[in-house]
Amino acid sequence: MATSRAPIDPGSTAVGTWSGGRFMRFGEPIDDERFAALITPDDSIRTVITADVYGEGEADRMLGRALNGRDRGSFCVVGAVGHDFYEGERDGPRGFPRFTDPRLRPQDGYAGYLRMATERSLERCGVESFDLLLLHNPDRTGYTSQAVWDGMAAVRDAGLTRMIGVAPGPANGFTLDVIDCLERFGSMIDWAMVILNPLEPWPGELCLDAAAVQDVRVITRVVDYGGLFFDDVLPGQELAPHDHRTFRPAGWIESGRERMESMRPIAERAGLTMAQLACQWNLAHDAVACAVPTLIQELGPGARAIEDKRAELAALPADARLSGVDVDQIRSLGDNTGCMALKGASPDHSGESRPDRWELDERLEQVAGRWGIDPGRDLAQVVA
């Protein structure tokens, strides 16, 4: 059990247990020793993020081994709960159901589940409390239910976490749902997590103003854009058959690298690697306080060692090196507006609600209006 307690908020960079190919299918799975070293916080990267559903608790256990014996005041640990792998049954690639699935429990069972899941995750991680606990991949109920957020607040009030937040995903979208959640429960919520990077400014950027108004700080993930910003994913790159990046459209590597080349002179002028450019671009947004790229051990002889990528992240300059003009130019070069059908509330969805996709309702239309978002223009997929 880690000892000593002094609170640390998530830092400007973090590493997640989804890195290393062990519990999420990105690249080559690394062995126990390398994985433990990858996720162990240090003086340069003091924040580590995990989720209880990864490996059905095994990612937590690996993190517990990495943290064992370390001064609890030297690192920030972020947990996430929300997928019920205790009573729910896995539905193939869709994973485990959310704990709010009415087949599993009524709403008066939400608080009990959240406390149980948090306590078990903490036990596996070998810490007494999280610095931040995220509601992981919520469904529509998770974004809107008072009972859910009262349950999250109760976990915090019980001393099991210092802060709470919302982490939509894993796909892009949930824009109006996040904003609505912050409007409903912003007084309770400390942090939110969204997808954002210079090649995917849309749609994550659309919720940043709402987060800033609610004084909610933002963790950004997928900062590396599927590994491209680490510069060893090249045209013709070999991907394992079940690699999560195979869902991306054909030509994503070639198109992404072409746009990156236009950004490279900005990185060189700022004295940044391309991965560092991506991190600093994210952090240049007022609400963004943490950038978390996925660290991937790619296949093939030209692949960089994952340890080298971690060192590159650890060496991110603390001083901001991108001007406002740079930030705007990079955003223009990476503009991806309308490139995909979004998850959550979307004008592209009609009919029965699904766990990760549902129709716009009148409340969300009003949310959109308050924030200057036109769903038909700003949230719809553009058909080529």
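The shown structure was predicted, so the numbers you read here are calculated from the model rather than taken from an experiment.

Trainee: How would you explain unusual backbone geometry if you had to name every residue and give the values?
Mentor: Cis geometry is found at the peptide bond from glycine 169 to proline 170, where omega equals 5°. You can see proline 170 is positioned in the loop between strand 5 (161–167) and helix 6 (175–185). With an omega of 0°, the peptide bond running from tryptophan 202 to proline 203 counts as cis. Here proline 203 shows up in the loop between strand 6 (191–195) and helix 7 (208–213). Despite not being glycine, glutamate 56 has its phi angle at roughly 50°, a positive value. Mapped onto the secondary structure, glutamate 56 falls in the loop between strand 2 (47–49) and helix 2 (58–67). With phi around 60°, valine 222 is a residue other than glycine that occupies positive phi space. Among the structural elements, valine 222 can be located in the loop between strand 7 (217–221) and helix 8 (252–270).

Trainee: Go over the sheet that holds strand 4 (residues 130–136) with me, naming the residues and quoting the values.
Mentor: The strand order across the open sheet formed by eight strands is 1-2-3-4-5-6-7-8, and the pairing between neighbours is parallel. At either margin of the open sheet sits one strand with a lone partner, and together these are strand 1 (14–16) and strand 8 (288–292). Averaged over all adjacent pairs, the angle separating strand axes in this sheet is 25°, with direction ignored. As paired strands, strand 3 (residues 76–81) and strand 4 are joined by four bridges and run parallel to one another. Each residue of the ladder has a partner; that of alanine 80, found in strand 4, is leucine 134. Packing against the sheet, helix 5 (residues 146–157) makes contact with strand 4 and strand 5, and its axis sits at approximately 150° to strand 5.

Thresholds, definitions, all that
- Residues numbered from 1 in each chain as written.
- Predicted model: local features only at pLDDT ≥ 70, side-chain atom pairs only at ≥ 80, totals over all residues.
- Heavy atoms only, no water.
- Helix = DSSP H or I, 4+ residues; strand = E, 2+ residues; numbered from the N terminus.
- Pairing = 2+ DSSP bridges.
- Axes fitted to C-alpha atoms, helices over the stretch in contact; angles between N-to-C directions.
- Contact = heavy atoms within 4.5 Å.

The analysis is restricted to geometry; functional conclusions fall outside its scope.
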